[in-house]
Amino acid sequence: MFAVHLLAFHFTKLKEDQIKKVDRYLYHMRLSDDVLLDVMARFQAEMVKGLGRDTNPTATVKMLPSFVRSLPDGSEKGDFLAVDLGGSQFRAHQVKVFDDGKQSSQLESKFYPTPKEVIQGNGAELFDYVADCLLDFMETKNLKHKKLPLGFTFSFPCKQNKLEEGVLLAWTKHFKVRGVQDTDVVSSLRKALQKHKDIEVNVLALVNDTVGTMMTCGYDDQRCEVGLIIGTGTNACYMEEMRHIDMVEGDEGRMCINTEWGAFGDDGALDDLRTEFDRELDLGSLNPGKQLFEKMISSLYLGELVRLILLKMTKEGLLFNGKVSTALLTKGKIEMKHVSAMEKYKEGLSNTKEILTELNLFPSEEDCIAVQHVCTIVSFRSANLCAAALAAILTRLRENKKLLRMRTTVGIDGGLYKTHPQYAKRLHKVVRRLVPNCDVRFLLSVSGSGKGAAMVTAVAYRLAAQRKQIDAALAPFLLSLETLREVKNKMRTELEYGLKRETQASATVKMLPTYVCGTPDGTEKGKFLALDLGGTNFRVLLVKIRSGRRRSVQMYNKIFAIPLEIMQGTGEELFDHIVQCIADFLEYMGIKGARLPLGFTFSFPCRQASIDKGTLVGWTKGFKATDCEGEDVVDMLREAIRRRNEFDLDIVAVVNDTVGTMMTCGYEDPNCEIGLIAGTGSNVCYMEDMKNIEIVEGNEGKMCINTEWGGFGDNGCIDNIRTKYDKEVDEGSLNPGKQRYEKMTSGMYLGEIVRQILIDLTKQGLLFRGQISESLRKRGIFETKFLSQIESDRLALLQVRRILQQLGLDSTCEDSIIVKEVCGAVSKRAAQLCGAGLAAIVEKKRENQGVEHLQITVGVDGTLYKLHPHFSRVLRETVKELAPQCDVTFMLSEDGSGKGAALITAVAKRLHNVGQK
C-alpha cells in the first residue's frame with residue numbers, strides 16, 4: 001500500500017515539475033485577466049475605428065456591413081437552397097421552413113470535397129465547380145424543375161453594398177484562388193449557374209458563415225444577436241445600431257456587422273502578446289503579416305504552433321533527450337485533431353504517447369506530461385483571446401442598449417469549439433468573468449452556416465413580402481403634388497362658398513365674421529382680463545399693456561383643469577365651473593373689486609353678430625356640454641357671473657384662438673394678417689376685404705374671418721383622399737361626419753389614426769408578432785405627443801421601443817422601425833394637407849391685393865407645429881410649392897389665446913373710443 005502511495009506521490013511530483021517547466025518556458029502565452037481586459041479595450045477601440053467612415057480605410061478590423069437587417073421572427077416559410085464555401089468541405093443544402101407555429105425546419109445536405117487544384121486554381125474553375133455540385137445536388141433531390149431562391153455562404157471577407165452582392169477583399173484560411181479578389185463573387189456564381197440552362201436558381205443573399213451561424217441560432221432563440229465561429233478560421237458578427245455604421249446610409253434599425261476579427265493586430269496592436277512561435281508560424285504561412293489574431297486562435301494554426309514549440313524545446317534539450325525526428329521537422333505534422341486528442345481528460349496522456357511515437361519521438365512519461373501541458377497552454381490562450389474579443393462585442397451591445405445588465409445569446413459553430421474537450425467550458429468561463437453584467441447563453445449551431453444562408457434568404461423573402469403589405473397600407477397617405485393642388489383648389493372653392501350670402505348656409509367652411517376690424521397699432525394700453533377655453537385646460541389671465549417707448553405686455557395667469565364630466569355635462573355646469581375659476585383667480589391676484597374689460601377666447605366655431613356676441617355653431621375637440629349649441633356663449637358667461645353674484649366684468653370681445661394668434665403676432669409684425677392653429681385642433685383666420693364678405697353690411701376696410709376650416713370635406717369633396725383609417729377614426733369620434741379635414745390634420749386625431757394603422761398591420765402579422773395587446777385596443781392610448789417623440793431625429797430606436805413599452809407594446813427593433821414609418825406617413829400627410837389649405841388662403845390674399853407677388857406673415861400657434869420635429873418644415877415647403885408667388889414668413893405666436901384675447905379687447909376699446917369721439 002505504501003508503495004502505491006509513493007508511486008502516486010512520485011507521479012504527482014513529476015507532473016508538477018513538468019508543468020512548472022513548461023509554464024516557465026511559455027510564460028508569455030499565459031494571459032492574466034488584466035491582460036485580457038486590456039485586449040478587450042483594444043478590440044473595442046478597433047471596432048469603433050472600423051465603423052467610422054474616416055478611420056475605416058486604416059482599420060485592421062474591417063467591420064463589414066452584411067446588409068442583414070433583421071433576425072428571424074418565426075414567421076418565415078418556404079423552400080430554400082443554400083451553398084456553403086469556406087470550410088474543409090463544400091456543402092449544398094435544401095432547407096424547408098414551416099410556418100406551423102412551432103418554428104420548425106427541415107435540412108437536407110450533401111457534402112462535396114474541395115480539391116486543392118480547385119481552391120488554389122483560378123476563379124472560373126472554382127465557380128464552375130460550385131455550380132456543378134449544386135446541379136448534382138438538385139438532381140439528387142429531384143429539384144431541377146423548381147425555381148428556388150438560394151443563399152450563398154461565403155466564409156471570406158467581402159465588401160457588400162447590398163445583400164446579394166459581395167466583393168472579395170482577401171482570401172483567408174487555405175484558399176488562394178486567382179482572379180477572384182476585388183470582384184463580385186455573386187455575379188461569378190450567377191455566370192457559372194447560367195451555363196446550366198436546365199436549372200433556375202435565384203441568388204438572393206450572400207452570407208458570411210458567421211452571419212449564417214447567428215441566423216441559424218436566431219431562428220431557435222430570438223435573443224441571439226451574436227454569431228461566433230471558432231474552427232479552421234475564426235470570426236464574429238453581431239447586430240449593430242445603424243446610426244453607428246458610417247459606411248451605410250440611414251440611421252434606422254440595426255444591421256449585422258461581420259467584424260472579420262481575424263485581422264485584429266495586423267497593424268502591430270498585438271505585437272506585445274505575440275511570441276517568437278507566432279512570428280515563425282506567420283512567416284511560413286500563405287499570407288504572412290495577415291490574419292494575425294486568427295493565427296493565434298483557429299484550429300488551422302494551433303497544431304502548427306504546438307509543433308514549433310516542441311521543436312524548439314527539443315533542440316534545447318528540454319524534451320525527448322534533445323533528439324529531433326524528421327516528422328517533428330515537417331510542417332503540418334501536428335494538427336488540431338492531435339492537440340484535442342492529447343488534451344482529453346482521461347486518455348489524454350496515452351493519446352499523447354501514441355501521437356508522439358507516430359512522430360518517431362519515443363517519449364518518456366515526463367515528455368508526455370510536458371507536451372500535454374504545451375497543448376493546454378496553446379489552446380487555453382486561444383480561448384482566452386477569443387473570450388476577450390467576444391467580451392468587447394457583448395459590452396458594445398449592452399452599451400448600445402443602455403442597459404446595466406443584459407441577457408443575450410451567442411450562436412456558435414466551428415470544429416475547434418465543438419470537438420476540443422475543454423475549449424467550450426474555458427471560453428464560457430472566461431467570458432462570464434470578463435463581462436459579469438452580461439448573462440450569456442451559448443447556443444451551438446446544429447445545422448451550420450448553410451441553414452443560416454437559407455434563413456437569411458427566408459428573412460429577405462419575408463421582409464420583401466412585408467414591405468409590399470406595409471407600402472400598400474401607407475400608399476393612400478402619400479399625396480402627389482397634383483393631389484395637393486386639387487385640395488388647394490377645392491379649399492379655395494369652399495372659402496368662396498362660405499363668403500357668399502346664398503351659399504353660406506350650406507358651406508362646410510363657415511367663414512365666420514369675427515367683427516375684429518383692426519390689428520394693433522401700438523397705442524393700446526391698460527389692464528385686461530382674458531379667459532381661454534379651448535382644450536382640456538382653462539386659463540384665466542391678467543394682461544397689462546403699456547404703450548409708447550416703454551411698450552410692453554405683462555401677463556399673469558393661472559391654469560385650471562376641466563374634468564371630463566364637466567366637458568360632457570350640462571352648459572350651466574360648464575359655465576359655473578368657468579366662473580368659479582375666474583373667482584379663484586381674482587382673489588389670488590387681489591383684484592376682485594375691479595370691473596376690468598375682458599376678452600373671452602372661445603376656441604369653437606361661433607357665429608358672431610358683433611364682437612361681443614358669439615353663438616356656438618357646434619362643439620369640437622371632445623366637448624359635448626348640453627344646451628350650448630345655438631346659444632350666445634357671452635350671454636351664458638354673463639348669466640353664470642350673475643348667478644354667483646360676487647363680481648362684475650365688462651365682456652368686450654369673444655375671440656377665437658386663431659384670431660388671438662394673428663393679433664399677438666400682428667402686435668410684433670404689422671404684416672401679419674393670417675393666423676394658423678396647428679395643435680389639438682386645426683383652424684385658420686385671415687383679414688378679408690369687407691366688400692367680399694356678403695353676410696356683413698358695409699364695403700369699407702377689412703374684417704378678420706374665422707374660416708373654421710376643420711369642416712372642409714364634410715360635404716364629401718375630399719373623400720377621394722380619405723383612407724379606411726380616417727373613416728374608422730371619424731366613426732369612433734364624438735361627432736361622426738363632422739370636422740373631417742381637422743380629423744386628418746390635427747393633433748387630437750393623428751395618434752388615433754396611427755393606432756388604427758398599427759391594429760391593421762398587427763392583424764396582418766406585420767407587427768408585434770401578430771398579437772394585438774389590450775393597450776392597443778384602447779382608443780386614445782396613442783397620443784400625438786408620442787408621434788413627436790417617436791419621429792425625433794435624435795431618438796434612437798431603443799428609445800422608440802421604450803415609448804412603445806410604456807404603452808404596453810412589446811416591440812422588436814423591426815417593429816419600432818415600422819411604427820416610426822407609420823407615424824411619419826400620418827404626420828407628413830397632415831402637414832401637407834394643412835399646407836395645401838394655407839396655400840389657398842395666401843393665394844386669395846394675393847388676388848385680393850391685386851399684386852403679382854405677395855409678402856405676408858402668418859402667425860402660428862399649436863403644439864403640433866411647435867413640438868413635432870418635421871411638421872413645420874413640411875408645412876412651409878408645401879405652401880412654397882403650391883403658392884410660388886407668395887413669400888410667406890411664419891412667426892411663432894407667444895400665447896395667442898391669452899395675450900391675443902387681451903390685445904383684441906384693447907383694440908376694440910381703442911376703436912370704440914375713436915368712434916365715440
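Residues numbered from 1 in each chain as written. Predicted model: local features only at pLDDT ≥ 70, side-chain atom pairs only at ≥ 80, totals over all residues. Heavy atoms only, no water.

**Student:** For this particular structure, what's the right way to read the overall build of the protein?
**Tutor:** For the protein, the helix and strand inventory stands at 31 helices and 26 strands. In terms of overall dimensions, the protein is more spread out than a globule: its C-alpha atoms have a radius of gyration of 38 Å, far above the 29 Å expected for 917 residues. Once the C-alpha set of the protein is aligned to its principal axes, its extents read approximately 125 × 70 × 50 Å. Sorting the 917 residues of the protein into buried and exposed places 59% on the buried side. Surface exposure of the protein reaches about 37,800 Å², of which carbon and sulfur atoms provide 50%. (Helix = DSSP H or I, 4+ residues; strand = E, 2+ residues; numbered from the N terminus. Rg over C-alpha atoms; globule rule 2.2 N^0.38 Å. Buried < 20%, exposed > 50% of the residue type's maximum accessible area, 1.4 Å probe, protein only. Areas by Shrake-Rupley, 256 points an atom, 1.4 Å probe, with all protein chains shown as cover.)

**Student:** Would you explain the sheet that holds strand β13 (residues 438-444) in this entry?
**Tutor:** In any sheet, the strands associate via hydrogen bonds between backbone groups, in a parallel or an antiparallel arrangement. Pairing is mixed across the open sheet formed by six strands, whose spatial order is β1-β11-β10-β9-β12-β13. Looking at strand neighbours, the two that pair on one side only are β1 (64-65) and β13, the edges of this open sheet. Set on the sheet, helix α13 (residues 365-400) makes contact with β9 (224-230), β10 (234-241), β11 (254-258), β12 (406-413) and β13; between it and β10 the angle comes to about 5 degrees. (Pairing = 2+ DSSP bridges. Contact = heavy atoms within 4.5 Å. Axes fitted to C-alpha atoms, helices over the stretch in contact; angles between N-to-C directions.)

**Student:** Would you mind showing me how to read the pattern of salt bridges here?
**Tutor:** Side chains that differ in charge, positive against negative, can pair when their charged atoms come close. All told, the structure shown has 64 salt bridges when counted by the stated rule. The closest approach of N and O atoms between Arg91 and Asp84, which form a salt bridge, is 2.6 Å. Residue Arg91 is classed as partly exposed on the basis of its relative accessible area of 22%. The partner of Arg426 in a salt bridge is Glu343, and the shortest N-O contact between them spans 3.0 Å. With a gap of 83 residues between them, Arg426 in helix α15 (residues 423-434) and Glu343 in the loop between α11 (336-342) and α12 (348-358) connect regions that are remote in the sequence. Look at Glu343 and you get buried, because its relative accessible area is 4%. One salt-bridge network, in which partners are shared between bridges, spans Arg492, Glu496, Lys500, Glu688, Lys844 and Glu847. (Salt bridge = Lys/Arg side-chain N within 4 Å of Asp/Glu carboxyl O.)

**Student:** Would you mind showing me how to read helix α20 (residues 571-589) here?
**Tutor:** In an α-helix there are 3.6 residues to a turn, and that puts residues three or four apart on one side. Between its first and last C-alpha, α20 extends 27 Å over 19 residues, near the 27 Å set by a 1.5 Å rise per residue. Buried residues along α20 sit against β15 (526-533), β16 (537-546), β17 (552-561), α19 (564-567), β18 (597-602) and α21 (633-644). Gly590 occupies a position one or two residues after α20 and carries a positive phi of about 70 degrees. (Expected span 1.5 Å × (residues − 1).)

**Student:** Help me understand the pairing of strand β2 (residues 78-85) in this model?
**Tutor:** Within a regular beta strand, the side chains point alternately toward one face of the sheet and then the other, so they alternate between its two faces. Counting buried positions along β2 gives seven out of eight residues, so the element sits mostly inside the fold. Across five bridges, β2 lies against strand β5 (residues 147-154) in parallel orientation. Opposite Leu81, over in β5, you have Leu150 as the bridge partner.

**Student:** For this particular structure, what's the right way to read the packing of helix α2 (residues 33-51) against α13?
**Tutor:** The packing of two helices is summarised by the inter-axis angle and the distance between the axes. Running from amino to carboxyl end, α2 crosses α13 at an angle of 55 degrees, the nearest separation of the two axes being 8 Å. Accordingly, the angle class assigned to the pair α2 and α13 is oblique. In this structure, α2 meets α13 at a crossing whose hand is right-handed. Along its contact with α2, which presents Leu36, Val39, Met40, Phe43, Gln44, Met47, Val48 and Leu51, the element α13 presents Asn384, Leu385, Ala388, Ala389, Ala391, Ala392, Ile393, Thr395, Arg396 and Glu399. Across the contact of α2 with α13, the residue classes break down as 13 nonpolar, three polar and two charged. (Parallel < 35°, antiparallel > 145°, perpendicular 65-115°, else oblique. Left-handed = near helix turned anticlockwise from the far one by under 90°. Nonpolar A, V, L, I, M, F, W, Y, C, P; charged D, E, K, R; others polar.)

**Student:** Looking at this structure, I do not really get unusual backbone geometry. What am I missing?
**Tutor:** In most cases, non-glycine residues show a negative phi, while peptide bonds are predominantly trans. Phi at Asn321 takes a positive value of approximately 55 degrees, unusual for a residue other than glycine. One can find Asn321 in the loop between α9 (299-315) and α10 (326-329). Although it is not a glycine, Gln739 adopts a positive phi angle of roughly 55 degrees. In this fold, Gln739 is placed in the loop between α23 (724-731) and α24 (742-745). For Gln739, a relative accessible area of 10% puts it in the buried group.

**Student:** Would you mind showing me how to read the environment of Ser32 here?
**Tutor:** Its place among the elements puts Ser32 in the loop between α1 (2-25) and α2. For Ser32, a relative accessible area of 38% corresponds to the partly exposed category. C-alpha of Ser32 to C-alpha of Asn384: the two residues are 352 residues apart in sequence and 9.1 Å apart in space.

**Student:** Can you walk me through the pairing of β16 in this structure?
**Tutor:** Here β16 lies mainly inside the structure; seven of its ten residues are buried. Two strands pair when backbone bridges link them, and β15 and β16 are joined in this way by eight bridges, in the antiparallel orientation. Counterpart to Leu531 in the pairing with β16 is Val540. What sits between β15 and β16 in their antiparallel hairpin is a turn of three residues. Sheet analysis places β16 next to β17, joined by ten bridges and oriented antiparallel.

**Student:** What is the right way to look at the sheet that holds β16 in this model?
**Tutor:** Taken in spatial order, the five strands make up an open sheet running β17-β16-β15-β18-β21, and their pairing is mixed. Each having just a single partner strand, β17 and β21 (650-655) make up the two edges of the open sheet. Here the strands of the sheet are splayed against their neighbours by 20 degrees on average, with no regard to which way each runs. With five bridges connecting them, β18 and β21 associate as parallel partners. Note that in β21 the partner of Gly599 across the bridge is Ala653. Along the sheet, α20 contacts β15, β16, β17 and β18; its crossing angle with β17, the most-contacted strand, is approximately 130 degrees. The strands touched by α21 within the sheet are β15, β18 and β21, with β21 carrying the most contacts at an inclination of about 145 degrees.

**Student:** How should the environment of Ala906 be read in this particular structure?
**Tutor:** As for its placement among the helices and strands, Ala906 is situated in helix α31 (residues 899-916). Counting along the chain gives 380 residues from Ala906 to Gly526, while the straight-line C-alpha distance between them is 7.7 Å. Residues contacting Ala906, with those up to four places away along its chain left out, are Glu524, Phe528 and Ile545.

**Student:** Is there a simple way to explain a negative patch on the surface in this structure?
**Tutor:** Judged by side-chain charge, Glu565, Glu572, Glu573, Asp627 and Glu631 come together as a negatively charged surface patch. Tracing the sequence through the fold places Glu572 in helix α20. (Patch = residues over 30% accessible without salt bridge, like charges linked within 9 Å, V, L, I, M, F, W, Y side chains within 5 Å. Lys, Arg positive; Asp, Glu negative; His and termini not counted. Charge placed at Lys NZ, Arg CZ, Asp CG, Glu CD.)

**Student:** Please clarify how the packing of aromatic side chains should be interpreted in this entry.
**Tutor:** The description of an aromatic ring pair rests on the distance of the ring centres and on the angle between the ring planes. This structure, assessed with the given rule, holds 25 aromatic pairs. Ring centres 5.2 Å apart and planes at 65 degrees place the aromatic pair Phe264 and Phe293 in the edge-to-face group. Linking Phe264 in the loop between β11 and α7 (276-283) with Phe293 in the loop between α7 and α8 (294-297), this pair joins segments that are 29 residues apart in sequence. With relative accessibility at 0%, the residue Phe293 sits in the buried group. Centroid distance Phe585 to Tyr588: 6.5 Å. Interplanar angle 40 degrees. Geometry classified as tilted. On the criterion of helical spacing, the pair formed by Phe585 and Tyr588 is a turn pair, its members being three residues apart in helix α20. For the cation-ring pair, Lys558 lies above Tyr588, with the distance from its terminal atom to the ring centre recorded as 4.6 Å. (Phe/Tyr/Trp six-rings, centres within 6.5 Å; stacked < 30°, edge-to-face > 60°. Lys NZ or Arg CZ within 6 Å of the ring centre and 35° of its normal.)

**Student:** Mind showing me how you'd approach α7 here?
**Tutor:** The complete set of buried residues in α7 reads Phe277, Asp278, Leu281 and Asp282. The buried residues of α7 occupy one face: seen down the axis, they fall within an arc of 135 degrees. (Arc of directions from axis to C-beta.)

**Student:** Where do I start with the state of the cysteines in this structure?
**Tutor:** Disulfide: a covalent bond formed between the sulfur atoms of two cysteine residues. One pass over the structure, following the stated rule, counts zero disulfides. No disulfide involves Cys375; its nearest neighbouring cysteine sulfur is the one of Cys368, lying 11 Å away. We classify Cys375 as buried; its relative accessible area is 0%. With no disulfide of its own, Cys834 lies closest to Cys685 among cysteine sulfurs, the gap being 13 Å. Judged by relative accessible area, which is 1%, Cys834 ranks as buried. (Disulfide = S-S within 2.5 Å.)

Bear in mind that shape data such as this cannot, by itself, settle questions of function.
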